[in-house]
Amino acid sequence: MEIKPAGKYIYSDIELDREEGQVIEDLKANSQEPIPDPDRWLDEKLEQNILLTTVDALINWGRRSSLWTAICFPACCAFEMIAANGPRFDLARFGMEILRASPRQADLMITAGTLTWKMAPNVRRIYNQMAEPKWVIAMGACAISGGIFASAEYAVVPGYNRIIPVDVYVPGCPPRPEALIYGIQMLQQKIARRKNIDVRKLLER
Amino acid sequence: MAVRTEPFVLNMGPVHPSTHGVFRMRATLDGEVVIDIEPVFGYLHRGIEKLAEQRTYTGITPLTDRLDYISSMSNNLAYCLAVEKLAGIKVPERAEYIRVIMAELQRIAALLIAVGAFLNDCGAYFTPFLYMFRERERIVDLFEMVSGQRLTYNYMRAGGVSQDLPEEFMPALRKFMDMMPRFMDEYDRLLMQNEILIARAKGVGILTGEQAINCSVSGPVLRASGVNWDIRKADPYSIYDQFDFDIPTQATGDCYDRYRQRVEEMRQSLRIIRQAMEQLPSGPVRAELPQLIRPPTGEAYARIEAPKGELGFYLVSDNSIAPYRCHIRPPSLINLTALRDMVRGWKVADLIIIFGSIDITVGEIDR
Amino acid sequence: MTIPLSGKDVASKIEEKFPGSVVESSQDNLVVKGNFLLDAARFLRDTEGLDLDFLNFVTAVDYYDHFEVVYWLSSLEHNHSLTIKARCYDRENPVLPSVVGLWQGADLQEREIFDLFGIKFEDHPNMKRIFLWEGFAGHPLRKDFI
């Protein structure tokens, strides 16, 4: 039987590749500084903190007990996250059983894996598609600072906080599922202290 | 009256629930039928080959863990075999037996995930996947006893393994070996004659033996197409020539055959582990070596039968403490060359299944 | 056991078919000239007794003054293997013929060599970068890339 040699691809668009390459180069040039972490709740004055109403507490309880994750798992940490969703370390008991593919229905992004410059515009686009309020957990050493691959600077982004603002950092390579659950509980405590309604503005009216 | 159609290009992007990681495909479709496909990857290119030139021979072992991250022990084994071939190091016997036990346990764990992910793509959304995770957790517990890690073990060294087995390992392994065949029979009872699986996977994505050899495909995909080639029998490494096991092959080379092939290989691995457990000798587990190895100038290529195919390391040394060039022969990347031929003429839903039956890991493709 | 074929024997066979093609040969491997690569490869694949129809891998190594592209071939039927190399002395624009017509498995691997080293392969159906994006300046695995 004659083996037919490989033919030309019907569609191999070099123009599309060049456009995408340009987007990546622009993003690389613009992301030389890390984005500061969103911890504005640390700066609030004490009196505002006391005025946390029961409505706030109710809203925060609803938000933190039903976090839905968006898919963003490039690499090895993904398997620890799936194991955390599995029957042994059950994440569904925290309300996080949905691991849907659509970022529009999600409010938490757990970034599990090394980020490369080629993937960075896509991650930014997924982050932009999520609706407010949204949070990000950086899982693993590669997500915090580039990890074991940080010396390959030509391809690896040194940490997700160059591209998106990160709320909680979970170290480990890969972190155990228990460590990830601890990180999620820290995020839940952070959400519990969030101010949703500004009582002063309401009283001024 | 004929309707005028024209083909269009669909992008199945890097973030997709069925693509087993960050992998992108540009499919040219005519209606629902796939005409051509162009895979785009590189979204996880971390420069492991470049990093390997700057690290010592022992320091590359953690990097090799992260190649095919669901079968780290096999990657470690291939790399250590390459270093031993280059430097002419002899491995003590107890270490060889421990390596075989670890490699075969790892093969079962990786094939469980492969079969689970394939069934995930076929439509049994997550149920068999999480069932197989239950078995994998038991194997991962055994590995955690030995190396302290759940996913990237860094256990093997050039010249043996890094530490000896603790006392609780062998009783736990015996308990696992008693339980495992019962679970495999349960999966077979539920899945082997399942109507939906047969309707979706039989006859879909056929790869003939000749095409497979021309595309340099290896591993379960090659054996499911009828070619009887397994490196453990044809070019035995370590002490595989002392064990008695069969090489299953299948007839057609469609997706159902690849699924059956992986299940059969899991059973053969159980046979090998049982024999190795009985013959395990005592003795040292690591050869006496200096901290920094300096192999003589030359090159070596060592290959093993990894769960995905033929994994090989090509090392070139120039008598210094770091290799001059370290090339990794990735089975997932080379098995992907057959994707174009297998997919032409099938619909988009079949594309997902065919792609899932090749079983790739993006960490190995992109390195 | 897979028997590695002796480089000298195969070199003498290739030399009598295509005189002037073999640069050097030793027990482990043989080196052919770039423009004879396709003929030698076709000879190795189609000859009875050699039948090297399985291409294990293609890779390249950067020795500072030349590139060396290594092909590791094997035969499933006879269970023997061979290492064959081709050298490329041009640093700016290295070019070699592509073996995709003979072994389709070289498709993605030759794209990888182009991406990381810069060696172009003629008659390849889709010579594009594969791991890095279009517009990336340089070739990372060369020894003079920082």
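Refer to the structure above for everything that follows.
The rules behind these values
Residues numbered from 1 in each chain as written. Chains lettered and ligands numbered in written order. Predicted model: local features only at pLDDT ≥ 70, side-chain atom pairs only at ≥ 80, totals over all residues. Helix = DSSP H or I, 4+ residues; strand = E, 2+ residues; numbered from the N terminus. Rg over C-alpha atoms; globule rule 2.2 N^0.38 Å. Buried ≥ 20, exposed ≤ 12 C-beta atoms within 10 Å, placed from the backbone. Contact = placed C-beta atoms within 7 Å. Pairing = 2+ DSSP bridges. Nonpolar A, V, L, I, M, F, W, Y, C, P; charged D, E, K, R; others polar. Core = buried A, V, L, I, M, F, W, Y, C linked by C-beta atoms within 7 Å. Axes fitted to C-alpha atoms, helices over the stretch in contact; angles between N-to-C directions. Parallel < 35°, antiparallel > 145°, perpendicular 65-115°, else oblique.

Caption draft 1: Up close: the overall build of chain C. The number of helices and strands found in chain C is three helices and eight strands. Helices and strands in chain C line up, N terminus first, as β-α-β-β-α-β-β-β-β-α-β. Taking 2.2 N^0.38 as the reference for a compact globule, 146 residues should give roughly 15 Å; the C-alpha atoms of chain C span a radius of gyration of 15 Å, in line with that estimate. The C-alpha extent of chain C, read off along each of the three principal axes, is 45 × 30 × 30 Å. Within chain C, the proportion of its 146 residues that are buried is 46%. For chain C, restricting intrachain contacts to residue pairs at least 6 apart in sequence, the fraction spanning at least 24 positions comes to 44%.

Caption draft 2: Representation of the overall build of chain B. When helices and strands are tallied, chain B shows 15 helices and eight strands. Against the compact-globule benchmark of 21 Å for 367 residues, chain B has a radius of gyration of 21 Å, which places it among compact chains. Dimensions along the principal axes, computed over C-alpha positions, put chain B at roughly 80 × 45 × 35 Å. Restricting to contacts in chain B with at least 6 residues of sequence separation, those with at least 24 account for 71%.

Caption draft 3: Examining the pairing of strand E7 (residues 309-317) of chain B more closely. Residue and element names in this part refer to chain B. A large share of E7 lies buried, amounting to nine of its nine residues. Adjacent in sequence and paired antiparallel, strand E6 (residues 298-306) and E7 are bridged by two residues. In this sheet, strand E8 (residues 325-329) lies alongside E7 in antiparallel orientation, the contact comprising five bridges. Looking at the pairing, leucine 315 lines up with cysteine 326 of E8.

Caption draft 4: Quick peek at the interface of chain C and chain A. Taken together, the contact between chain C and chain A spans 13 residues of the former and 17 residues of the latter. Looking at the side of chain C that touches chain A residue by residue, the classes come out as six nonpolar, four polar and three charged.

Caption draft 5: Representation of the environment of cysteine 255 of chain B. All names here are of chain B. Residue position: cysteine 255 is located in helix H11 (residues 255-278). For cysteine 255, a count of 29 C-beta atoms within 10 Å gives the class buried. Through-space distance from the C-alpha of cysteine 255 to that of isoleucine 206 is 7.4 Å; in sequence the pair is 49 residues apart. Each residue touching cysteine 255, except ones within four places of it in the same chain, is listed here: Ala201, Val204, Gly205, Ile353, Ile354 and Ser357.

Caption draft 6: Just the environment of isoleucine 352 of chain B, in detail. Residue and element names in this part refer to chain B. Inspection of the secondary structure puts isoleucine 352 in helix H14 (residues 348-358). Between the C-alpha atoms of isoleucine 352 and leucine 51, which are 301 residues apart in sequence, the distance is 34 Å. Leaving out residues up to four positions away in the same chain, isoleucine 352 has contacts with Ser18 and Asp121.

Caption draft 7: Region of interest: the nonpolar core. Counting residues in each nonpolar core, the largest one holds 211 residues, and the members touching the most others are Ile137, Ala138 and Met139 of chain A together with Ala78 of chain B. Not counting residues within four places of it along the chain, the set of residues in contact with methionine 139 of chain A comprises Cys77, Met81, Ile110, Thr111, Ala112, Val170, Pro175 and Leu180 of chain A.

Caption draft 8: How the structure looks around the interface of chain A and chain B. Counting residues at the interface gives 34 residues for chain A, matched by 34 residues for chain B. Among the secondary structure elements, those contributing two or more residues to the side of chain A that touches chain B are helix H4 (77-85) and helix H5 (120-129) of chain A. Ranked by residues supplied to the side of chain A that touches chain B, first place goes to H4 of chain A with three residues. Tallied by class, the residues present in the side of chain A that touches chain B amount to 24 nonpolar, six polar and four charged.

Caption draft 9: Layout of the pairing of E8 of chain B. With five of five residues buried, E8 of chain B lies mostly within the body of the structure. Side chains of E8 of chain B alternate between two faces, with Arg325, His327 and Arg329 of chain B and Cys326 and Ile328 of chain B buried alike.

Caption draft 10: Representation of unusual backbone geometry within the structure. In this chain, glutamate 132 of chain A is followed by proline 133 of chain A through a cis amide linkage whose omega measures -10 degrees. With respect to the element layout, proline 133 of chain A can be found in the loop between H5 and strand E3 (135-139). The omega torsion across cysteine 173 of chain A and proline 174 of chain A is -10 degrees, close enough to zero to call that bond cis. Topologically, proline 174 of chain A is positioned in the loop between strand E4 (168-170) and helix H7 (177-192). Even without being a glycine, serine 216 of chain B presents a positive backbone phi close to 60 degrees. Following the sequence through the fold, serine 216 of chain B ends up in the loop between helix H8 (209-214) and helix H9 (220-224). The class for serine 216 of chain B is buried, based on 29 C-beta atoms found within 10 Å. Of note, the phi angle at asparagine 319 of chain B is positive, near 60 degrees, even though the residue is not glycine. Inspection of the secondary structure puts asparagine 319 of chain B in the loop between E7 and E8. For asparagine 319 of chain B, a count of 10 C-beta atoms within 10 Å puts it in the exposed group.

Caption draft 11: Spotlight on the packing of H4 of chain A against H7 of chain A. Residue and element names in this part refer to chain A. Packing of H4 against H7 brings their axes to within 9 Å, and their N-to-C directions diverge by 75 degrees. Between H4 and H7, the crossing angle belongs to the class labelled roughly perpendicular. Of the residues in H7, those in contact with Glu80, Met81, Ala83 and Ala84 of H4 are Pro177, Leu180 and Ile181. Classifying every residue of the contact of H4 with H7 gives six nonpolar, no polar and one charged.

Caption draft 12: Quick look at the sheet that holds E8 of chain B. Residues and elements named next belong to chain B. Spatially, three strands are ordered E6-E7-E8 in an open sheet, and the strand pairing comes out antiparallel. Two strands bound the open sheet, and with one partner strand each, they are E6 and E8. The mean inter-strand angle of the sheet, taken between neighbouring strand axes irrespective of direction, is 10 degrees. As paired strands, E6 and E7 are joined by nine bridges and run antiparallel to one another. Across the sheet, residue isoleucine 304 finds its bridge partner in E7, namely leucine 311. Here helix H3 (residues 72-87) sits on the sheet in contact with E6 and E7, set at roughly 150 degrees to E6.

Caption draft 13: A look at the sheet that holds strand E1 (residues 8-12) of chain B. Residue and element names in this part refer to chain B. In spatial order, the strands read E1-E2-E3; together these three strands make up an open sheet with antiparallel pairing. A single partner strand is all that each edge strand has here, and the edge strands are E1 and strand E3 (33-40). The average undirected angle you get between the axes of adjacent strands in this sheet is 25 degrees.

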